[in-house]
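Residue strings, one per chain:
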Amino acid sequence: MYKKLAVLGAGESGVGAAILGKKNGYEVFLSEKKKIDTKLKNILSTEGIKWESGKHSIENLISADYVVKSPGISSNTQVIKSLKEKGKNVISEIEFAALHTSAILIGITGTNGKTTTTLLTYQILKDAGLNVGIAGNIGNSFSLQVAKMDFDIYVLEISSFQLDDIHRFSPHIAVITNITEDHLDRYNFNFENYVKAKLKILKNQSRKDFFLFNSNDKTIMKALEHTNVKARKIPISEIPINEGVYTKNKNFIVKLKNKTTMINYTNFTLSGRHNLLNAMAASTIASILDISKDSVRESLTHFKGAPHRMEKVLTIQRVTYIDDSKATNTNATFFALDSIDTPIVWIAGGVDKGNNYNPLLPLVRKKVKAIICLGINNEKLCNTFQNVVNILVETQSMSEAVKISNKIALAKETVLLSPACASFDLFKNYEDRGNQFKEAVRNL
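Scope of this entry: the structure provided in the associated data block. Numbering of residues starts from 1 in each chain and follows the order in which that chain's sequence is written. Whole-chain, interface and lining totals are the exception, using all residues; otherwise, since this is a predicted model, local features are given only for residues with pLDDT of at least 70 and side-chain atom pairs are given and counted only at 80 or more. The side-chain values count all of the structure's non-hydrogen atoms but skip hydrogen atoms and water molecules.

What follows concerns the pairing of strand 1 (residues 4-8). Where burial is concerned, most of strand 1 is hidden: four out of the five residues are buried. Paired strands, in this sense, are two strands between which DSSP finds at least two bridges. Strands here mean DSSP runs of E at least two residues long; helices mean DSSP runs of H or I at least four residues long; both are numbered from the N terminus. Two elements, strand 1 and strand 2 (residues 27-32), share five bridges in a ladder whose sense is parallel. Note on strand 2: the bridge partner recorded for K4 is E27. Think of it like this: strands point away, you trace from the first strand over the helix to the second, and a clockwise trace means the crossover is right-handed. In this view, the connection linking strand 1 to its parallel neighbour strand 2 by way of helix 1 (residues 12-23) has right-handed handedness. With four bridges connecting them, strand 1 and strand 4 (residues 66-69) associate as parallel partners. Considered in strand 4, the bridge of L8 is made with K69. Each residue is assigned to one of three classes by its accessible area relative to the maximum for its type, calculated with a 1.4 Å probe on protein chains only: buried under 20%, partly exposed between the two thresholds, exposed over 50%.

As structure tokens, this is what we get:
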């Protein structure tokens with residue numbers, strides 16, 4: 001008898017889960033509340049997947065043995081509440097994929113730095129000749145790769161939304177880069193709920209597993225006081241420690257498995273303290289997997305970084321334009337502002353997720369000469385910074401924001417797009433926002 005799988009959401013993760021389910025003999029039904037385009041309909045038809053669009057029919061979902069929920073769908077929506085009330089097993093696409101692979105899983109989460117850490121870890125492992133895939137909140141969905149590929153190791157970038165609905169998911173190596181306020185609109189504006197979601201990555205680990213964490217992050221350290229961690233804890237520190245990883249004289253010192261490894265990072269391509277922490281995490285993962293320090297050092301020297309994360313676009317009349325569109329919260333923007341040593345024209349704004357901008361005030365006073373607000377509702381930004389900078393301008397389009405920044409910025413200054421907000425008011429996503437910025441800069 002076939003098991004029944006219902007998939008909510010026809011995005012990257014939902015379609016991947018449906019295809020994986022079909023491959024493993026499930027009777028699959030995909031439900032999408034929005035309209036499904038012709039291209040996707042053809043894919044679903046080719047795969048033999050039943051679907052509906054424009055609604056979620058509870059009667060078509062209730063008979064499923066598993067319900068896989070796309071991470072973009074909130075647990076507070078009525079269809080999810082109804083399914084859970086009826087005892088349905090609603091799980092994350094990440095969990096569904098993990099149930100169907102025996103590969104080693106490396107799970108990386110955190111408010112900021114998880115994309116860079118994931119990409120760098122993947123680069124190091126791939127350069128070392130390992131059969132490794134990259135998935136999760138980045139690239140093709142984890143489910144689709146399990147269905148179509150055959151990797152020995154997966155490096156997974158995992159968001160809090162993806163962790164919300166895990167029950168058995170257990171990475172061999174788990175990483176939490178940091179935890180700061182973000183997505184509070186999704187967690188009833190309760191920071192503790194968001195912290196708990198991040199810590200779920202540890203839920204099912206055993207003593208054979210590893211947990212890497214930023215020991216300088218006060219939120220993580222406080223949360224760990226009340227968390228039962230079975231995995232071997234490996235702190236990432238900025239000061240010398242007995243076991244874990246720290247920096248000293250342009251080297252990462254990794255103390256692990258009764259051995260000490262020293263990895264020189266002099267030629268690491270990314271700047272900023274936060275990127276050093278990301279590289280420390282990736283290097284420690286490599287050490288756990290017995291990758292040589294020479295191989296790690298070589299990977300560090302040619303790593304390019306994530307698109308839209310402190311990405312230098314052009315220098316025009318000695319003004320540098322930087323795309324940091326991926327900075328969708330204040331902590332990410334803090335790192336961006338902190339890493340720049342020239343006067344800054346800062347393009348900010350978008351959909352506020354419950355942001356507290358006050359931690360940015362000292363850096364803005366010190367470094368920012370002008371703020372260009374880019375969003376439908378800029379009231380909170382304006383109220384916070386209007387008495388801090390001499391120039392504050394509101395705009396409604398990226399081309400306008402870039403043209404104004406070009407008039408304000410002088411030689412040896414920086415124009416920084418680092419919104420500290422989500423992008424969904426004026427753009428499809430942060431990639432669209434970053435690409436529009438790049439195009440506008442090239443059109444100057």
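What makes a salt bridge here is a side-chain nitrogen of Lys or Arg within 4 Å of a carboxyl oxygen of Asp or Glu, nothing more. Tallying each qualifying case throughout the model produces eleven salt bridges. We note a salt bridge from D290 to K259, for which the minimum N-O separation is 3.8 Å. Of this pair, D290 sits in the loop between helix 11 (273-288) and helix 12 (293-302) while K259 sits in strand 14 (residues 259-264), and the two are 31 residues apart along the sequence. Residue classification places K259 among the partly exposed positions, given a relative accessible area of 35%. Between D324 and R309 there is a salt bridge; the shortest N-O distance is 3.4 Å. Note that D324 is positioned in the loop between strand 16 (319-323) and helix 13 (330-338) and R309 in the loop between helix 12 and strand 15 (311-316), a separation of 15 residues in sequence. Comparing D324 with R309 shows no difference in burial state: the two are buried. One connected set of salt bridges, linked through shared partners, spans K69, K84 and D165.

The subject of this paragraph is the environment of T284. With respect to the element layout, T284 can be found in helix 11. We call two residues in contact whenever any of their non-hydrogen atoms come within 4.5 Å of each other. Ignoring anything within four residues of it in the chain, the contact list for T284 reads L212, I234, V245, V254 and L256.

Among the structural elements, K3 can be located in the segment before strand 1. Separated by 24 residues in sequence, K3 and E27 place their C-alpha atoms 6.1 Å apart. Apart from residues lying up to four places away in sequence, K3 is in contact with G25, Y26, E27 and D65.

With that settled, the discussion passes to the sheet that holds strand 20 (residues 414-417). Ordered in space as 15-16-20-17-18-19, the six strands form an open sheet in which the pairing is mixed. In this open sheet, the two edge strands, each paired with only one partner strand, are strand 15 and strand 19 (391-395). Neighbour to neighbour, the strand axes of the sheet diverge by 15° on average, direction disregarded. Inspection of the sheet shows strand 17 (residues 344-348) paired to strand 20 by four bridges, in the parallel sense. Paired with I347 across the strands is L417, a residue of strand 20. Whenever a helix is involved, its axis is fitted only over the stretch in contact; in every case the axis is a line through C-alpha atoms, and angles between N-to-C directions fall within 0 to 180 degrees. Where helix 16 (residues 398-408) meets the sheet, it contacts strand 16, strand 17, strand 18 (368-374), strand 19 and strand 20, and its direction lies at approximately 165° from that of strand 18.

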